[in-house]
Number of protein chains: 2
Amino acid sequence: MKSYNVAVVGATGMVGQKMLEVLEELKFPVKNLFPMASIRSAGKEINFNGKPYVVQELCDESFDQDIDIALFSAGGDTSARFSPIAASKGVIVIDNSSAFRMDPTVPLVVPEVNPEDLDWHKNIIANPNCSTIQAMVALKPLQDAFGIERIVYSTYQAVSGSGVKGYADLENGLKGEKNKFYPHQIAGNCLPHIDSFLENGYTKEEMKMVNETRKILHDDHIRITATTVRVPVFYSHSESVNVELKKPYQLDKVRALYAHAPGIVLMDDPENNIYPLARIAENRNEVFVGRIRRDFSVDNGLNLWVVADNIRKGAATNAVQIAFELVKRELI
Amino acid sequence: MKSYNVAVVGATGMVGQKMLEVLEELKFPVKNLFPMASIRSAGKEINFNGKPYVVQELCDESFDQDIDIALFSAGGDTSARFSPIAASKGVIVIDNSSAFRMDPTVPLVVPEVNPEDLDWHKNIIANPNCSTIQAMVALKPLQDAFGIERIVYSTYQAVSGSGVKGYADLENGLKGEKNKFYPHQIAGNCLPHIDSFLENGYTKEEMKMVNETRKILHDDHIRITATTVRVPVFYSHSESVNVELKKPYQLDKVRALYAHAPGIVLMDDPENNIYPLARIAENRNEVFVGRIRRDFSVDNGLNLWVVADNIRKGAATNAVQIAFELVKRELI
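Residues numbered from 1 in each chain as written. Chains lettered and ligands numbered in written order. Predicted model: local features only at pLDDT ≥ 70, side-chain atom pairs only at ≥ 80, totals over all residues. Heavy atoms only, no water.

**Thoughts on the overall build of chain A**
So, step 1. Helix and strand content of chain A: 8 helices and 14 strands.
So, step 2. For 332 residues, the compact-globule estimate of 2.2 N^0.38 gives 20 Å, and the C-alpha radius of gyration of chain A, at 20 Å, lies within 12% of that figure.
So, step 3. With the principal axes as the frame, chain A shows a C-alpha extent of 60 × 50 × 40 Å.
So, step 4. Intrachain contacts of chain A at a sequence separation of at least 6 include 67% that bridge at least 24 residues.
So, step 5. For chain A, the computed accessible surface area is about 12,400 Å², with 49% contributed by carbon and sulfur atoms.
So, step 6. The positive charge centre, built from 36 side chains, and the negative charge centre, built from 42, are 1 Å apart in chain A. (Helix = DSSP H or I, 4+ residues; strand = E, 2+ residues; numbered from the N terminus. Rg over C-alpha atoms; globule rule 2.2 N^0.38 Å. Contact = heavy atoms within 4.5 Å. Areas by Shrake-Rupley, 256 points an atom, 1.4 Å probe, with all protein chains shown as cover. Lys, Arg positive; Asp, Glu negative; His and termini not counted. Charge placed at Lys NZ, Arg CZ, Asp CG, Glu CD.)

Written as C-alpha cells, this is what we have:
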C-alpha cells in the first residue's frame, strides 16, 4: 500500500493533537510525519505511532520538504498565509480554518456528503465549520430522498470548540474563578455568542452554518436561519434541527434511511431514554441522530436532535476522512 | 389597604420558598400566612415578614380555615386532589402545577399577557409552565403589533426546573458523582428530555409549550413546534425563539416595543456583548429579550433569545403577580 508524507500544522493545539490521534487510530498510511507549530511550541517532542517527532517551526520554507498532505489547524491567519505557499509547492492542504471555506475555487467537503467536490480541488480543500459538519451528515439523506426547503438551527456547542482557552474558562469557572476568555462566565450560563457579531445581527458562526450548508449541499435556494449558543459542556455539540422538506415523508422511512446512512448512529428510542447525548458522542467519530418526529406546524416538517464530537467529526476526523477519500479517489 | 389570608401549599419546596420570598419582596398585603406541606415537612418553622410560622400538614380540612388565596406548588396530584376542595370552600387557588392548565373552565394567566382571563375564574387559576411564561411575555407585543403565524421553540432549561432533586443531580454530577434523578448525567450534557415522552415523539414539556401558548394567546391557529432541552445550568431558562409574523415589521419597531413592554428588559447590544444570560436573569422578576434579528429564510421571520429565572417569573413571581392582579381587578 502506498504511504504518504503528512504535515500537521498546529500539531500541539487541541484539534492538531486529535488529528494525530485519529491518523493513528484510523491507520492512515503515514510514511513520514511533519508536525509543525508556531515558534511557541516548536521544539516540543510528540509521539506518533510509537515514534518520537520534534515539532518544527512553521515558516515559508516548511513546504520545501517532501510533503504530500498538510492538515492545517492553526487558525485563519496562519492558513491564509501558509496554505497558498504549501499548495504552490504541490502539497495538498486540508484546512480546518474558515479562511478558504467560501472561496468558490476551494471545495468544502464532508466525505459522507459531497466527496465528488474533491475532484476539482486545486491543492486546497476546506474542512467545514464543526457545527455545520454534523448537520450535513444528518441532512444529506433527507436532501437526497425528499429535498430540503428550509432549516432552522439552534445549537448547544461545547467549550472545546474554542480550544484550550475555552475549555479552561469552563473548568475554572466551575471552581468559581472569573472568566478570562469568553466575554461572560460560561459556567452556569448559555452564551448566545460564538465568533464575532456581524452587521446583520448574526454571529459569524451563525452565518457559517447558513452559507456552508448551501455550498456543501449544492443548493443556494435552501432557506436557512441559525442561532448558535455556547453551553457549559466540555465536548460534543448538540443541535436542534428543524427542517421543512420539499416532499411528503414517512417517519419510518426517515428512520430507515438513518439506520443505513454512512457515518450516522441512529439513537431514537425515547421510551427507553435513548437519544443522542454529548457525553455519548464524546470521542466517537460518528454523528448521532435522534428525537426524530414530525413537526406538525408546517407541511413536511421534521425535528431532529443531532450530536457529534466537535473535535473529532467536527474537525480532526473529518479532515482525516478527507485525506482517506483523496487516496480512494486517486487524487493524490 | 385591605389585606388577605394567604396559604402557600408546598411551602418548603423550591418554588414554595420562592413564593414566600416574592410575597415579601413585592409586599403583597398578607394578613395571615398559612404555610402548608405534606406530612414530611409539616411542623417545620419558617419565617415570613419577620414572624415565625409553623408549616401545617395539608389535609381535607385545611381550607376550613379563613383563607382567601392559596398558592399551590406541590405537584400535579396534590393540586388535582386539594385545589377543588379549596375552591369549593371559596378559596381562590393559584395553581403552579399542570393539573388544570388545559381545563377550558380554568384561566391560564400571565398577567402581562392575558389578565382579562382572570375575570371568568371559578376559584382555580392556573400558572403556566415555566418555559411558556417567559415566551408569552416576549411574544405578546409581537402578537398585538403584527400577529403570529408560526413559532419554532428550542429551549435551554435549568435544572432547578426539576426542583431540589434536579439541582442536586447537577451539583453532585459536577463533583463526578453518578446521576440519581435524571435518566442520564446532566453535568457536561444536554438532555433533550423534559417530562415524559408521548406517543407522537414529543415530550409533555414540548406539548405544554405548544398548547399553553395557544390558550394564553387565544389563538388556536398559531402553528407551533418545540424542542425542550435540559442544560447544565442551575437557574434561568434560555430560549431560542424563531417566529414568523403575519405582517411585515421593522426591527426598530420591534426594539421600541420591547423597550416599553411590561415585564421585559431589552438587552440587545451585541457589539458590546450585551444579550440576555441565565446568570443575569437569576433572581430577577423580568423576562430578558435580545439577539433580535431578522430571519431572512421566511417572510416576516424574526429570531429572539429570551431568558428568565424559571423559579421566579417562570413560577413564583408569576403566581404572586396573578394574586396582585386579582386584587387590582377587585376579583377577591
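That was the structure; now back to the text.
**A closer look at the pattern of salt bridges**
So, step 1. Applying the stated rule across the entire model yields 42 salt bridges over all chains.
So, step 2. One salt bridge in this structure joins Lys18(A) and Glu21(A), with 3.4 Å as the shortest N-O distance. Separated by 3 residues within a single helix, Lys18(A) and Glu21(A) lie in helix H1 (residues 14-25), roughly one turn from each other.
So, step 3. Asp64(B) is paired through a salt bridge with Lys89(B); the nearest N and O atoms lie 2.6 Å apart. Separated by 25 residues along the polypeptide, Asp64(B) in the loop between strand E5 (56-57) and strand E6 (69-72) and Lys89(B) in the loop between helix H2 (76-88) and strand E7 (92-95) bring together distant segments of the chain.
So, step 4. Relative accessible area serves as the criterion here: at 38%, Lys89(B) is assigned to the partly exposed category.
So, step 5. Each of Lys18(A), Glu21(A), Glu25(A) and Arg312(A) takes part in a single network of salt bridges with overlapping partners. (Salt bridge = Lys/Arg side-chain N within 4 Å of Asp/Glu carboxyl O. Buried < 20%, exposed > 50% of the residue type's maximum accessible area, 1.4 Å probe, protein only.)

**Let's talk about the interface of chain B and chain A**
So, step 1. Facing 51 residues of chain B, the contacting portion of chain A comprises 51 residues.
So, step 2. Between chain B and chain A, the buried area comes to about 4,400 Å², and carbon and sulfur atoms account for 55% of it.
So, step 3. If you look at where chain B meets chain A, you find 6 salt bridges.
So, step 4. At the junction of chain B with chain A, the criterion picks out 38 residue pairs in polar contact (both at pLDDT 80 or more).
So, step 5. Those elements that place two or more of their residues in the side of chain B that touches chain A are strand E9 (148-156), strand E10 (223-227), strand E11 (237-245), helix H7 (278-281), strand E13 (287-295) and strand E14 (301-308) of chain B.
So, step 6. Taken together, the residues that form the side of chain B that touches chain A break down as 24 nonpolar, 18 polar and 9 charged. (Buried area = accessible area lost by both parts, 1.4 Å probe. Polar contact = N/O pair within 3.5 Å; in protein donor to acceptor, adjacent residues only side chain to side chain. Nonpolar A, V, L, I, M, F, W, Y, C, P; charged D, E, K, R; others polar.)

**Comments concerning the pairing of E14(B)**
Residues and elements named next belong to chain B.
So, step 1. Most of E14 is tucked away, with 8 of its 8 residues classed as buried.
So, step 2. With burial as the criterion, each face of E14 is covered, one bearing Gly301, Asn303, Trp305 and Val307 and the other bearing Leu302, Leu304, Val306 and Ala308.
So, step 3. Where E11 and E14 come together, 8 bridges link them in antiparallel fashion. Note on E14: the bridge partner recorded for Val241 is Leu304.
So, step 4. Relative to E14, E13 runs antiparallel, the two sharing 7 bridges. Within the sheet, the bridge partner assigned to Gly290 lies in E14 and is Trp305.
So, step 5. Remark: 5 residues form the turn of the hairpin made by E13 and E14, two consecutive strands paired antiparallel; Asn300 in that turn has positive phi of roughly 55 degrees. (Pairing = 2+ DSSP bridges.)

**Thoughts on the UniProt feature "binding site: phosphate" (unreviewed entry) in chain A**
Residues and elements named next belong to chain A.
So, step 1. The feature "binding site: phosphate" (unreviewed entry), as annotated in UniProt, sits at Arg101 in this numbering.
So, step 2. Looking at the secondary structure, you find Arg101 in the loop between strand E7 (92-95) and strand E8 (124-126).
So, step 3. If sequence neighbours within four positions are ignored, Arg101 has contacts with Asn96, Val106, Leu108, Ala126, Asn127, Pro128, Asn129, Lys208, Glu212 and Lys215.
So, step 4. A polar side-chain atom of Arg101 sits 3.2 Å from the main-chain carbonyl oxygen of Ser97. (UniProt positions renumbered as here; feature names shortened; annotations may be inferred.)

**Side note on the packing of helix H3 (residues 130-146) of chain A against helix H5 (residues 204-216) of chain A**
Residues and elements named next belong to chain A.
So, step 1. Where H3 meets H5, the axes come as close as 9 Å, and the angle between the chain directions of the two elements is 40 degrees. In terms of orientation, H3 and H5 fall into the oblique class. Where H3 crosses over H5, the handedness of that crossing is right-handed. Where H3 abuts H5, its residues Cys130, Ser131, Thr132 and Met136 lie against Glu205, Lys208, Met209, Glu212, Thr213 and Ile216.
So, step 2. Of the residues in the contact of H3 with H5, the class split is 4 nonpolar, 3 polar and 3 charged. (Axes fitted to C-alpha atoms, helices over the stretch in contact; angles between N-to-C directions. Parallel < 35°, antiparallel > 145°, perpendicular 65-115°, else oblique. Left-handed = near helix turned anticlockwise from the far one by under 90°.)

**What about the environment of Met19(A)?**
So, step 1. You can see Met19(A) is positioned in helix H1.
So, step 2. Assessed through its relative accessible area of 0%, Met19(A) is described here as buried.

**Description of the packing of helix H1 (residues 14-25) of chain B against helix H8 (residues 312-328) of chain B**
All names here are of chain B.
So, step 1. Two elements in contact, H1 and H8, have axes whose closest approach is 9 Å; the angle formed by their N-to-C orientations is 50 degrees. Looking at the two axes, H1 sits oblique to H8. For the pair H1 and H8, the sense of crossing is right-handed. For the pair H1 and H8, the contacting residues are Val15, Lys18, Met19, Glu21, Val22, Leu23 and Glu25 in the first and Arg312, Ala315, Ala316, Thr317, Ala319 and Val320 in the second.
So, step 2. Its residues assigned to classes, the contact of H1 with H8 shows 8 nonpolar, 1 polar and 4 charged.

**Looking at the sheet that holds strand E10 (residues 223-227) of chain A**
Residues and elements named next belong to chain A.
So, step 1. Strand order in the open sheet formed by 6 strands is E10-E9-E11-E14-E13-E12, with mixed pairing between adjacent strands. Sheet topology places E10 and strand E12 (264-266) at the edges, where each strand pairs with a single neighbour. Averaged over all pairs of adjacent strands, the angle between strand axes in this sheet comes to 25 degrees, irrespective of strand direction.

**Structural notes on the packing of aromatic side chains**
Aromatic ring pairs are defined here through the distance separating the ring centres and the angle between the ring planes.
So, step 1. Inspection of the entire model under this criterion finds 23 aromatic pairs over all chains.
So, step 2. With a centroid separation of 5.0 Å and an interplanar angle of 80 degrees, the aromatic rings of Phe28(A) and Phe324(A) are classed as edge-to-face. A residue pair is termed long-range when its members are at least 10 positions apart, and Phe28(A) in the loop between H1 and strand E2 (30-37) and Phe324(A) in helix H8 (residues 312-328) qualify at 296 residues.
So, step 3. For the ring pair Tyr167(A) and Phe234(A), a centre distance of 4.5 Å and an interplane angle of 40 degrees mean the geometry is tilted. Residue Tyr167(A) is located in helix H4 (residues 163-174), and its partner Phe234(A) is located in the loop between E10 and strand E11 (237-245); the two are separated by 67 residues in the primary sequence.
So, step 4. Following the ring pairs from residue to residue traces out a cluster consisting of Tyr156(A), Trp305(A), Tyr156(B) and Trp305(B).
So, step 5. A cation sits over an aromatic face here: Arg293(A) above Tyr202(B), 4.6 Å from the ring centre. (Phe/Tyr/Trp six-rings, centres within 6.5 Å; stacked < 30°, edge-to-face > 60°. Lys NZ or Arg CZ within 6 Å of the ring centre and 35° of its normal.)

**Focus on the UniProt feature "domain: Semialdehyde dehydrogenase NAD-binding" (unreviewed entry) in chain A**
So, step 1. Mapped onto this numbering, the UniProt entry gives "domain: Semialdehyde dehydrogenase NAD-binding" (unreviewed entry) at residues 5-121 of chain A.
So, step 2. For residues 5-121 of chain A, the helix share is 21%, the strand share is 26%, and the end-to-end C-alpha distance is 19 Å.

**Quick word on the domain arrangement of chain A**
Interface size is commonly expressed as the accessible area that is lost once the parts come together.
All names here are of chain A.
So, step 1. One can read the domain layout of chain A as domain 1 (4-127 + 315-328) and domain 2 (131-310).
So, step 2. One C-alpha centre belongs to domain 1, the other to domain 2; they are set 25 Å apart.
So, step 3. Of the residues lining the interface, 23 residues belong to domain 1; the matching set on domain 2 comes to 21 residues.
So, step 4. Taking both sides of the interface into account, the surface hidden between domain 1 and domain 2 amounts to around 1,700 Å²; carbon and sulfur atoms contribute 63%. (Domains from an automatic or database assignment.)

**A look at the relation of the copies chain B and chain A**
So, step 1. Placing chain B over chain A gives an RMSD of 0.0 Å and needs a rotation angle of 180 degrees, together with 0.0 Å of translation along the axis. Here the two chains are linked by the operation of a two-fold rotation axis.
So, step 2. A share of 100% of interface residues in chain B that are also interface residues in chain A marks the association as one of identical surfaces. (Least-squares fit on C-alpha atoms with pLDDT ≥ 70 in both.)

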